[in-house]
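Chain by chain, the residues run as shown.
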Amino acid sequence: MAKGKTTVFFCQSCGYESAKWMGQCPGCKEWNTFVEEMVEKKSAHKAGAVRKSDLQVLPLSKIEMTKEDRMSTQIKELDRVLGGGIVPGSMVLVGGDPGIGKSTLLLQVCKHLSEQQIKVLYISGEESLQQIKIRAERIGTFRDSLSLLCETNLDLIEEVIQREKPQVVVIDSIQTMYREAVSSSPGSVSQVRESTGTLMQIAKGMNISIFIVGHVTKEGVVAGPRVLEHMVDTVLYFEGDRHAAYRILRGVKNRFGSTNEIGVFEMREDGLSEVENPSEFMLNGRPQGASGSVVACSMEGTRPILLEIQALVCRSNFGMPRRTAAGTDYNRVNLLMAVLEKRLGIRMGECDAYINIAGGIKMNEPAIDLGIVLALISSYKEIPIDEHTICFGEVGLSGEVRAVNMAEQRVLEARKLGFDTCILPQACMDTLKKIDGIRLVGVRNVKEAIDFIK
Ligand code: TYD
Ligand code: MG
């Protein structure tokens, strides 16, 4: 082995470092993700070599504010998730399963940026120029301020960036990039970390905004985006079923804005198009007069989203009742069923129960608790809930319905979409101004809500 080098085992999923191989990663609990990699030994700092410097400390009040000029991507859904546009010199990681549409989205971003005469460089390590051209043909016509490069060697890429001085760079994907100085293969944890570090220096040093694509991988063959989440400024995850048309872009970390925002897109023939009113989209094709279906309202960042919660409760044929929850937390559903059993004496213990958030969207906000409860009861008792009724509220362990934030926005969104009755926590009623055109029903506990729908 070369002098100064050691081998270390890295979990390819979360980057956990270990001196010996392990079957299960203690960090992320994934199995068989450890891979041996060669790393340089870091030389220890020389003792006693403390430099005298003229570094100054500053009080907060002395620091001048410069208004950052964000670049708009012209895609409203993306701009909102980014916190109002691209911040110059920022690093954005776009993660997601292969084939979900990361390259398509970023190519569309490039198109819109280049239309504003912003110099963009798209670097692909995965596709040839011809392949990118084919994709670009589907999306539309491009301006010449967009240039392309197919390369995976970061040392060469750094040189090109220094020569071309683009304002925005897209790296597709980080798992194909490598630095010559690092001996492990592209996609390994040490390569991915080192490459991201290099890109970070370019971004901060030259004030270039860099988008990095990172594939999420289950098998642990290549390092996942989790490894570099903490290094970048903004982390966005693209999720959604590959077979469903819509995609959700979720902000997971954002140093320049709120993280709870989501953007909704639809994959079309000609690339991704924005879904401006996701509630309408999610409620499409709702059954009429069926039991076990109710509309609830969840906040995603600053935006309310209405969604249909479906429940199917039926007698179990086995000793162990089956429960599933698609799109929401399984344990939460079990807890709510226990509340119904204990507080209302509804014998759900001998029933199978299936909960589904229609449309395949994932929602975990506690405000949909009341919706889950009402859907369960509606299915159990076979009473359909009026289709113009909507509900929201958190359910506590003693069956009380607790207040949730931003009640007014939720009610207004429901009214906008033509709902005429809203079941909400009584505690929210006191803070709400009078809203015309929708009947507000405040409830203190689950029992009052159930009595109302009966
Ligand atoms: P892609 O952006 O290549 O995914 P990723 O970079 O995340 O791996 O998306 C590929 C999928 O999107 C592919 O299945 C084809 C589909 N697609 C469309 O439906 N319409 C389009 O206009 C484009 C460009 C792709
Ligand atoms: Mg791609």
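Analysis parameters
Residues numbered from 1 in each chain as written. Chains lettered and ligands numbered in written order. Predicted model: local features only at pLDDT ≥ 70, side-chain atom pairs only at ≥ 80, totals over all residues. Heavy atoms only, no water. Helix = DSSP H or I, 4+ residues; strand = E, 2+ residues; numbered from the N terminus. Buried < 20%, exposed > 50% of the residue type's maximum accessible area, 1.4 Å probe, protein only. Contact = heavy atoms within 4.5 Å. Areas by Shrake-Rupley, 256 points an atom, 1.4 Å probe, with all protein chains shown as cover. Lys, Arg positive; Asp, Glu negative; His and termini not counted. Charge placed at Lys NZ, Arg CZ, Asp CG, Glu CD. Core = buried A, V, L, I, M, F, W, Y, C linked by side-chain atoms within 4.5 Å. Pairing = 2+ DSSP bridges. Near = heavy atom within 4 Å. Polar contact = N/O pair within 3.5 Å; in protein donor to acceptor, adjacent residues only side chain to side chain. Patch = residues over 30% accessible without salt bridge, like charges linked within 9 Å, V, L, I, M, F, W, Y side chains within 5 Å. Salt bridge = Lys/Arg side-chain N within 4 Å of Asp/Glu carboxyl O. Domains from an automatic or database assignment. Buried area = accessible area lost by both parts, 1.4 Å probe. Axes fitted to C-alpha atoms, helices over the stretch in contact; angles between N-to-C directions. pLDDT = per-residue confidence, 0-100. Arc of directions from axis to C-beta. Phe/Tyr/Trp six-rings, centres within 6.5 Å; stacked < 30°, edge-to-face > 60°.

**Some details on the overall build of the protein**
The number of helices and strands found in the protein is eleven helices and 21 strands. The C-alpha extent of the protein, read off along each of the three principal axes, is 75 × 55 × 50 Å. The buried share among the 454 residues of the protein stands at 48%. When contacts within the protein are restricted to residue pairs at least 6 apart in sequence, those whose partners lie at least 24 apart make up 67%. Working note: accessible area of the protein is about 22600 Å², and carbon and sulfur atoms make up 51% of it. Counting 55 positive and 57 negative side-chain charges, the protein places the averaged centre of each group 5 Å from the other.

**Some words on the nonpolar core**
One finds Ile309, Leu370, Leu374 and Leu376 to be the most contacted residues of the largest nonpolar core, which totals 45 residues. If one sorts the elements of this core by residue count, helix α8 (residues 369-381) sits on top with seven residues.

**A few points about the pairing of strand β5 (residues 120-124)**
Counting buried positions along β5 yields five of five residues, so the element is predominantly enclosed. Burial along β5 is two-sided: the residues Val120, Tyr122 and Ser124 and Leu121 and Ile123 are all buried. Across five bridges, β5 lies against strand β6 (residues 146-150) in parallel orientation. Note that in β6 the partner of leucine 121 across the bridge is serine 147. Looking at chain direction, β5 and strand β7 (residues 168-172) are connected through five bridges and run parallel.

**Focus: the site of ligand 1**
With respect to spatial proximity, 15 residues lie near ligand 1, and among them Gly99, Ser103, Thr104, Arg268 and Gly271 are the closest. Between ligand 1 and lysine 102, the relevant distance is 2.8 Å, taken from an oxygen atom to a main-chain nitrogen or oxygen of the residue. Within the side chain of serine 103, one N or O atom sits 2.5 Å away from an oxygen atom of ligand 1. Computed on the free molecule, ligand 1 has an accessible area of 560 Å², of which 76% lies beneath the protein chains in the complex. Sorting the residues of the shell around ligand 1 by element identifies α2 (102-115), α3 (129-139) and β11 (262-268) as the ones contributing at least two each. No other element matches α2, which puts three residues into the shell around ligand 1.

**Quick look at a nonpolar patch on the surface**
Taken together, the side chains of Leu58, Leu60 and Ile63 define a hydrophobic patch exposed on the protein surface, amounting to about 360 Å² of accessible area. Turning to its location among the elements, isoleucine 63 is positioned in the loop between β3 (34-40) and α1 (76-82).

**Focus on the domain arrangement of the protein**
On domain assignment, one finds that the protein holds domain 1 (5-40), domain 2 (71-276) and domain 3 (285-453). Taking only C-alpha atoms into account, the centre of domain 2 sits 38 Å from that of domain 3. Each partner contributes to the interface: domain 2 provides twelve residues, whereas domain 3 provides nine residues. Of all residues in domain 2, Tyr246, Glu261 and Ile262 bury the most surface against domain 3, accounting for 46% of the area lost on that side. At the boundary of domain 2 and domain 3, one finds two salt bridges. Glutamate 77 is paired through a salt bridge with arginine 303; the nearest N and O atoms lie 3.3 Å apart.

**What about the sheet that holds strand β12 (residues 271-274)?**
The mixed open sheet is built from nine strands, whose spatial order is β6-β5-β7-β8-β4-β9-β10-β11-β12. The sheet terminates laterally at β6 and β12, the two strands that pair on one side only. The average angle at which neighbouring strand axes cross in this sheet is 25°, direction not considered. α3 rests against β5 and β6 of the sheet, and its axis sits at about 140° to β6. Lying on the sheet, helix α4 (residues 154-164) is in contact with β5, β6 and β7; it crosses β5 at an angle near 170°.

**Considerations on the confidence of the model for the protein**
When pLDDT is averaged across the protein, the result is 88; 95% of the residues are at 70 or more. β3 is the least confidently modelled element of the protein, averaging 83 in pLDDT, while strand β18 (residues 394-395) averages 96, the highest of any element.

**Here's the deal with helix α9 (residues 407-416)**
Three or more residues of α9 are buried, namely Ala407, Arg410, Val411, Glu413 and Ala414. Down the axis of α9, the buried set is contained in an arc of 160°. They therefore lie on one face. Directly beyond the C-terminal end of α9, a positive phi value near 85° is found at glycine 418.

**Considering the packing of aromatic side chains**
In this structure the tally under the stated criterion is three aromatic pairs. Centre to centre, the rings of tyrosine 16 and phenylalanine 34 are 6.4 Å apart; their planes meet at 90°, and the pair counts as edge-to-face. One end of the pair, tyrosine 16, is in the loop between β1 (5-11) and β2 (17-18); the other, phenylalanine 34, is in strand β3, with 18 residues separating them in the sequence. Overall, the relative accessible area of 6% leaves phenylalanine 34 in the buried class.

**Quick word on the pattern of salt bridges**
Enumeration over the complete set of coordinates arrives at 25 salt bridges. With a shortest N-O distance of 3.1 Å, glutamate 276 and lysine 76 are connected by a salt bridge. Here glutamate 276, found in the loop between β12 and α6 (278-283), pairs with lysine 76, found in helix α1; they are 200 residues apart in sequence, far enough to count as distant. Across the pair, exposure class does not vary: glutamate 276 and lysine 76 are exposed alike. For glutamate 413, the salt bridge is made with lysine 416, and the minimal N-O distance between the two is 3.5 Å.

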